[in-house]
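Descriptive structure summary
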Amino acid sequence: MNILVLNGSPRPKANTKAHIEAFKEGAEAKGHSVRVFNVGNMKINGCLGCEYCHTKGDGACVQKDDMQEIYPYLANSDMVVIASPIYYWGFSGQMMSLITRFYAPGRPAADKYALFLSSGSPGVYDAPVSEYKSILKFFGATNMGIITAYGDQNQSEEKLKEFKDFGLSL
Ligand SMILES: Cc1cc2nc3c(=O)[nH]c(=O)nc-3n(C[C@H](O)[C@H](O)[C@H](O)COP(=O)(O)O)c2cc1C
């Protein structure tokens, strides 16, 4: 499979990055191709709601920002992993902006999705998990797995193994 991983953390030595690297190691060992975008450090605006994409644009967004690098991968990936730190009980702002830009093509090509969430404390995942599930329902897509990690769990050997094993399970 071609797997697209969207990293919503702006921190280079972050927990989310460690989760993705462990996952990538497992998925690549199974022969999958994994492409990671560090969305947290890209210039991606939120959707303007201008409807250009659904009128004159014929599926193309009017905004020419870094999202243009990601659109081809959304069109050609079999699986999308949304990986984000929890910011104020939700996705990071960068990740949320990206999600609103799914609007132009209508839906990514992928039928399979996974969600990785990293936080400082436990019990803070309800809102993004609910949003993720609603998006999948809207796309008619399949959830392959949700992995959360908080505090010291984040880069623990046990948790990183869970991410790697998930990649190996695909
Ligand atoms: C702006 C901001 C908001 C945050 N909000 C929450 C929160 O609501 N709940 C929580 O448990 N942790 C919160 N955190 C902590 C991060 O989710 C946590 O440190 C996470 O592991 C960071 O991921 P990263 O290392 O991949 O960037 C927040 C951190 C920042 C910088």
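Going by the structure above, here's the rest.
Residues numbered from 1 in each chain as written. Predicted model: local features only at pLDDT ≥ 70, side-chain atom pairs only at ≥ 80, totals over all residues.

Considerations on the packing of helix H1 (residues 15-29) against helix H5 (residues 157-169)
The N-to-C vectors of H1 and H5 enclose an angle of 35°; their axes lie 6 Å apart at closest approach. The way H1 lies across H5 gives a crossing that is right-handed. Residues Ala18, His19, Ala22, Phe23, Lys24, Glu25, Gly26, Ala27 and Ala29 of H1 form the contact with H5, whose own contacting residues are Leu160, Phe163, Lys164, Asp165, Phe166, Gly167 and Leu168. Residues that form the contact of H1 with H5 fall into these classes: 9 nonpolar, 3 polar and 4 charged. (Axes fitted to C-alpha atoms, helices over the stretch in contact; angles between N-to-C directions. Helix = DSSP H or I, 4+ residues; strand = E, 2+ residues; numbered from the N terminus. Left-handed = near helix turned anticlockwise from the far one by under 90°. Contact = placed C-beta atoms within 7 Å. Nonpolar A, V, L, I, M, F, W, Y, C, P; charged D, E, K, R; others polar.)

Some words on the pairing of strand E3 (residues 79-85)
Consecutive side chains of a regular strand alternate in pointing toward one face of the sheet and then the other. By the criterion of burial, E3 is predominantly enclosed, with 7 of the 7 residues buried. Here E3 shows two buried faces, one formed by Met79, Val81, Ala83 and Pro85 and the other by Val80, Ile82 and Ser84. The sheet contact formed by strand E1 (residues 2-7) and E3 spans 5 bridges and is parallel. Across the sheet, Asn7 pairs through a bridge with Ala83, a residue of E3. Pairing of E3 with strand E4 (residues 112-119) involves 7 bridges; the strand directions are parallel. Residue pairing in the sheet places Ser84 in a bridge with Leu117 of E4. The parallel pair E3 and E4, bridged by helix H3 (residues 93-100), forms a crossover whose chirality is right-handed. (Buried ≥ 20, exposed ≤ 12 C-beta atoms within 10 Å, placed from the backbone. Pairing = 2+ DSSP bridges. Right-handed = clockwise from strand over helix to strand, strands pointing away.)

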